[in-house]
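# Architecture and fold: a report
Given next are the chains, with one letter for each unit.
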Amino acid sequence: MMKGQHFQHKTDFNIEDPATNNHKVSFPELETLELSYLNSLIPRIWDDKLPHHSLSNLKTLTVSYCGFVKLVPLHVLKSLNNLQELEVRCCNMLETVFDFEDLNDYKEMVSSSVIVPLKKLRLRYLPKLKNVLGNNDRQGEINLVSSLDGSCHQIEELMTKQKKEDNEDKKIIFSKLEFLELDELPRLKRFCSQNYTFKFPLLQHAIVSECPQLTIFCSGAIHAPLLQKVRVTRTWESDRNIWMTDLNATIQHRFTIQEVISTTKSMALNAENVTMIRDVFPKVETLYVESFKDEGVTFPYSSLERFPMLKKLYVENSSFEEVFPSQDEILDFMGKIPSFEELYISDLDQLKSIWKDDSQLPPIHQCLIKCLEVISCHSLVKLAPSSASFQSLGRLSISGCHQLVYLVTSSTAKSLVSLKWLGINNCKKMEEIVLNENNEGVEGAIIFNRLERIELTNMPSLKMFSSQSQTFEFPELEVIEIIGCHEMKMFCPGVLETPELSRVKIEEYEMKWMDKGDLNKTVEMLCSAKV
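What comes next is a walk through the structure. None of these values were measured; they are calculated from a predicted model.

Attention shifts here to the overall build of the protein chain. In terms of helices and strands, the protein chain carries 7 helices and 40 strands. Every one of the 531 residues in the protein chain was classed for burial, and the buried ones make up 52%. Put simply, 77% of the contacts in the protein chain that link residues at least 6 apart link residues at least 24 apart. Only carbon and sulfur atoms are counted for the fraction: they give 48% of the accessible area of the protein chain, which is about 24,600 Å².

Here we come to the nonpolar core. Counting residues in each nonpolar core, the largest one holds 76 residues, and the members touching the most others are Leu313, Phe324, Ile354 and Phe491. With near-sequence residues (within four places) excluded, Phe324 lies in contact with Phe299, Tyr301, Leu313, Phe340, Leu343, Ile354, Trp355, Lys356, Ile364 and His365. Counting residues in each nonpolar core, the second largest holds 29 residues, with Leu61, Cys66, Leu80 and Leu123 among its members.

Time to look at the pairing of strand β23 (residues 286-290). Of all 5 residues in β23, 5 are buried; the element is thus mostly enclosed. Here β23 shows a buried face lined by Thr286, Tyr288 and Glu290 and a second buried face lined by Leu287 and Val289. Sheet analysis places strand β22 (residues 266-269) next to β23, joined by 4 bridges and oriented parallel. Within β23, the residue paired with Met267 across the bridge is Leu287. As paired strands, β23 and strand β24 (residues 312-316) are joined by 5 bridges and run parallel to one another. Bridge assignment links Val289 to a residue of β24, and that residue is Val315.

Centre-to-centre distance and the angle between the planes together describe a pair of aromatic rings. Per the stated rule, a full pass over the model turns up 18 aromatic pairs. Both rings, one in Phe292 and one in Phe320, keep their centres 5.5 Å apart while their planes meet at 40°; by these two values the pair is tilted. In this pair, Phe292 sits in the loop between β23 and β24 while Phe320 sits in the loop between β24 and β25 (322-324), placing the two residues 28 residues apart along the sequence. This pair shows no difference in class: Phe292 is buried, exactly as Phe320 is. Note on Tyr301 and Phe324: the rings are 6.5 Å apart at their centroids and 85° apart in plane angle, and the pair reads as edge-to-face. With Tyr301 in the loop between β23 and β24 and Phe324 in strand β25, this residue pair connects regions lying 23 residues apart in the sequence. Across this residue pair, the class does not change: Tyr301 and Phe324 are buried. Taken together, Phe292, Phe299, Tyr301, Phe320, Phe324, Phe340, Trp355 and Phe390 form an aromatic cluster joined through their ring pairs.

Cut-off values and rules
Residues numbered from 1 in each chain as written. Predicted model: local features only at pLDDT ≥ 70, side-chain atom pairs only at ≥ 80, totals over all residues. Heavy atoms only, no water. Helix = DSSP H or I, 4+ residues; strand = E, 2+ residues; numbered from the N terminus. Buried < 20%, exposed > 50% of the residue type's maximum accessible area, 1.4 Å probe, protein only. Contact = heavy atoms within 4.5 Å. Areas by Shrake-Rupley, 256 points an atom, 1.4 Å probe, with all protein chains shown as cover. Core = buried A, V, L, I, M, F, W, Y, C linked by side-chain atoms within 4.5 Å. Pairing = 2+ DSSP bridges. Phe/Tyr/Trp six-rings, centres within 6.5 Å; stacked < 30°, edge-to-face > 60°.

Structure follows, in structure tokens:
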């Protein structure tokens, strides 16, 4: 969405539109630009031949719900001479806001300063953001005028590491920054890991909250002569202003263990700090368990007892072979571990199973889960035991799990009464979604009562949704997308009921449902058309 002084015009940047792909295009009067729901890796409106004056009057840029990995390259930043406000939110793939990694950008950074005329920078809900500034291999000074406000769950440093250079004399100047806020950044350890000298000549107010690992602001010297107040809690009602000799000393004084315990709502648990945690964290709702890399390491299940209000659990970048032990192994913890609602598992290369499959009792922590997402667990051979029951699960997403041959058994499928969205992507060995484990007839139909959308993409071995002659009912299903599943010739051999189905898409072919059609015949027809 773009808004100018005298007009408002909506443009779709995902299509081949001459108005946005012409190298001569310019919007010299444009003051407000909104980019929403765009799926490209970089904004297609930015072009290396963009005229210098094309966005020269732009004052406000808002980016939301986009699939960008990098947002603003240096050559675009130079042309945004009047940019005052930048807000980026809900972009789940974004890793870098300002990208200076190009070789030409590097050479220019060495030879000159960059003036960014921002007065406000807001960063919210960006789960993969790792840095605000890209690869900062440069000399000289950077003048940034900004205020930082974000919930960027994977940001580790606001400025990335310098490569093989002496940084002691390097100065970073935030020349007009008046207000700095760092909020809900559970992985932020410091503003910058390098030994830069930071200057904040106009900084008056700083807010630091929900950053449990931030024990020091930066390694180098800090000059903030006008800084009057550091607010260390989120709400004004519970405001406690403290100020010591400098920002580093203030951060160190503020982040005692008791202060972290009483305020933080999100936290990262890793191999370094897990042995030091002895307290209960009464307000933590989001926990990241990460970086357990030792061979044979086990998931620190007992530590979950210290987070009684836990709602979201992320398990990432570790060497666990399983996550949850069986109930008969942890009887001492029954009733003490919180029943969280969302489980996200990613980049566990050694993971064989999420739930242990040798217990006589049903697996723990699956009845109340509402969202389950598993990404890049290449050794995972089974999503859950056949005794698992996911009665509350509303969203299920699996991607990059190449050892999975099927998703769930028939008995588990019958428990998915709350599932609304099912997405399976890039699982190379998956042959079917629902498996009849005993090759016997399942009593009654399998009914997905609330399932509205199915997306099956990039699975070269997938033959059908289920190979069993079973009745499947999808009373609320509206959309099915099947892309990159070239072995799939039918949906399933059993009876299908899809009264609300309105759209079927296979590769580039799409069919709108006018009446109660035959899904199997439609899949067969569209699959034949793509051959």
